[in-house]
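# Results of the structural survey
Now for the letters of each chain:
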Amino acid sequence: MQIDERTLQTFGDSLGRCNGNPAFIERFYEIFLASSPKVKEKFARTDFVRQRAALRASLDHMLLAAKDPKANPQQYLHDLSERHSSRQLNIGAELYDLWLDSLLATVKEFDPQNSPDVQEAWEKVMMAGISYLLSRY
Ligand code: HEM
């Protein structure tokens with residue numbers, strides 16, 4: 001899927017504003033873990049200091065993968081897809097719905113310029129990456 005330049009720009013700007021607040025990723029995990037006992041269980045043994053840094057980096061990878069569909073998302077998302085697949089963490093599609101909803105709710109709280117456009121940009125860019133991960137499940 002090709003994502004237009006304006007959407008990528010809107011997403012990148014919003015990500016920058018959200019990352020400007022150090023509590024952004026922490027709040028995301030708070031919302032995500034509360035979204036279902038299934039999610040909480042998956043993260044039962046997680047070191048969240050490490051996990052928060054990993055997620056922050058992976059949001060950049062999601063943007064790179066969406067920017068460059070011709071170069072194929074694999075170079076950015078291969079390890080992530082393997083880790084979340086049925087062969088390892090076994091993260092099914094229904095959990096990605098909760099992931100995306102939690103992320104959008106966090107952006108709404110943290111981006112002072114949140115708007116329907118901003119929400120749509122996050123959804124489009126994240127869905128490009130999520131589709132790739134699910135295709136490798
Ligand atoms: C596109 C969406 C997602 C992204 C970008 C993402 C990102 C990441 C990253 C970067 C890691 C660390 C990988 C490593 O270096 O070990 C990770 C691990 C993990 N993710 Fe995801 N994730 C996503 C969706 C999900 C979903 C939907 C779940 C469902 C519960 C989930 C559960 C986990 C778990 C359990 C770990 C391992 C934590 C640990 O090491 O204890 N992820 N994820």
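On a predicted model such as this, the values are computed, not experimentally measured, just so you know. Within each chain, residues carry numbers counting from 1 in the order of the written sequence. Totals for whole chains, interfaces and linings use every residue, but because this is a predicted model, local features are given only for residues with pLDDT of at least 70 and side-chain atom pairs only at 80 or more, for both listing and counting. Water and hydrogen atoms play no part in the side-chain values, which are based on all heavy atoms of the structure.

## Brief notes about the coordination of the iron atom of the ligand
Donor atoms: N, O and S within 2.8 Å of the metal, or within 3.2 Å for Na, K and Ca. Because water is excluded, sites can look incomplete. Its sole protein donor being His84 (NE2), the iron atom of the ligand sits 2.1 Å from that atom. The helix and strand labels rest on DSSP assignments: H or I over at least four residues marks a helix, E over at least two residues marks a strand, and numbering proceeds from the N terminus. Structurally, the position occupied by His84 is in helix α5 (residues 74-84).

## With respect to a negative patch on the surface
Candidate patch residues must exceed 30% relative accessible area and have no salt bridge, after which like charges are joined if within 9 Å and Val, Leu, Ile, Met, Phe, Trp or Tyr side chains if within 5 Å. In these tables, accessible area is a Shrake-Rupley quantity obtained with a 1.4 Å probe, and a residue counts as shielded only by the protein chains included in the view. By definition, a salt bridge exists where a carboxyl oxygen of Asp or Glu is found within 4 Å of a side-chain nitrogen of Lys or Arg. When charges are counted, Lys and Arg are positive and Asp and Glu negative, with His and the chain ends excluded. Where a charge lies is defined by one atom per residue type, namely NZ (Lys), CZ (Arg), CG (Asp) and CD (Glu). Among the surface-exposed residues, Glu94, Asp97, Asp101 and Glu123 lie close enough to one another that they form a single negatively charged patch. Mapped onto the elements, Asp97 comes out in helix α6 (residues 93-110).

## A short note on the side chain of Ser81
Among the structural elements, Ser81 can be located in helix α5. The cut-offs for exposure are 20% and 50% of the maximum accessible area for each residue type, with area from a 1.4 Å probe on protein chains only; residues under the lower value are buried, those over the upper are exposed, and the others partly exposed. Overall, Ser81 belongs to the buried group, its relative accessible area being 1%. When checking whether two residues touch, look at their non-hydrogen atoms; a contact exists if any pair is within 4.5 Å. Leave out the neighbours within four places in its chain, and Ser81 touches Tyr132, Leu133 and Arg136.

## Considering the nonpolar core
Proteins that are soluble and globular tend to have nonpolar side chains buried together. Take the buried residues of types Ala, Val, Leu, Ile, Met, Phe, Trp, Tyr and Cys, join any two whose side-chain atoms come within 4.5 Å, and each joined set is a nonpolar core. Phe24, Trp99, Trp122 and Met126 are the most contacted members of the largest nonpolar core, which has 37 residues in total. For this core, the secondary-structure elements that each account for two or more residues are α1 (5-19), α2 (24-34), α4 (48-67), α6 and α7 (116-135). Not counting residues within four places of it along the chain, the set of residues in contact with Trp99 comprises Phe28, Phe32, Leu55, Leu59, Met126 and Ile130.

## As for the site of the ligand
Throughout, near means a residue has at least one heavy atom within 4 Å of the molecule or strand. Surrounding the ligand, one finds 20 residues, the nearest of these being Phe43, Thr46, Arg50, His84 and Trp99. A 3.5 Å cut-off defines polar contacts: any pair of N or O atoms within that distance qualifies, except that in protein one atom must be a possible hydrogen donor and the other a possible acceptor, and neighbouring residues in sequence count only when both atoms are side-chain atoms. Residue Arg50 places a side-chain N or O atom 3.2 Å away from an oxygen atom belonging to the ligand. One of the side-chain N or O atoms of His84 is found 2.8 Å from a nitrogen atom in the ligand. For the shell around the ligand, the elements supplying multiple residues, two or more each, are α4, α5, α6 and α7. Per-element tally for the shell around the ligand: the top contributor is α4, with 6 residues. The residue classification treats Ala, Val, Leu, Ile, Met, Phe, Trp, Tyr, Cys and Pro as nonpolar and Asp, Glu, Lys and Arg as charged. All others, Gly included, are polar. Class assignment for the residues of the shell around the ligand results in 13 nonpolar, 4 polar and 3 charged.

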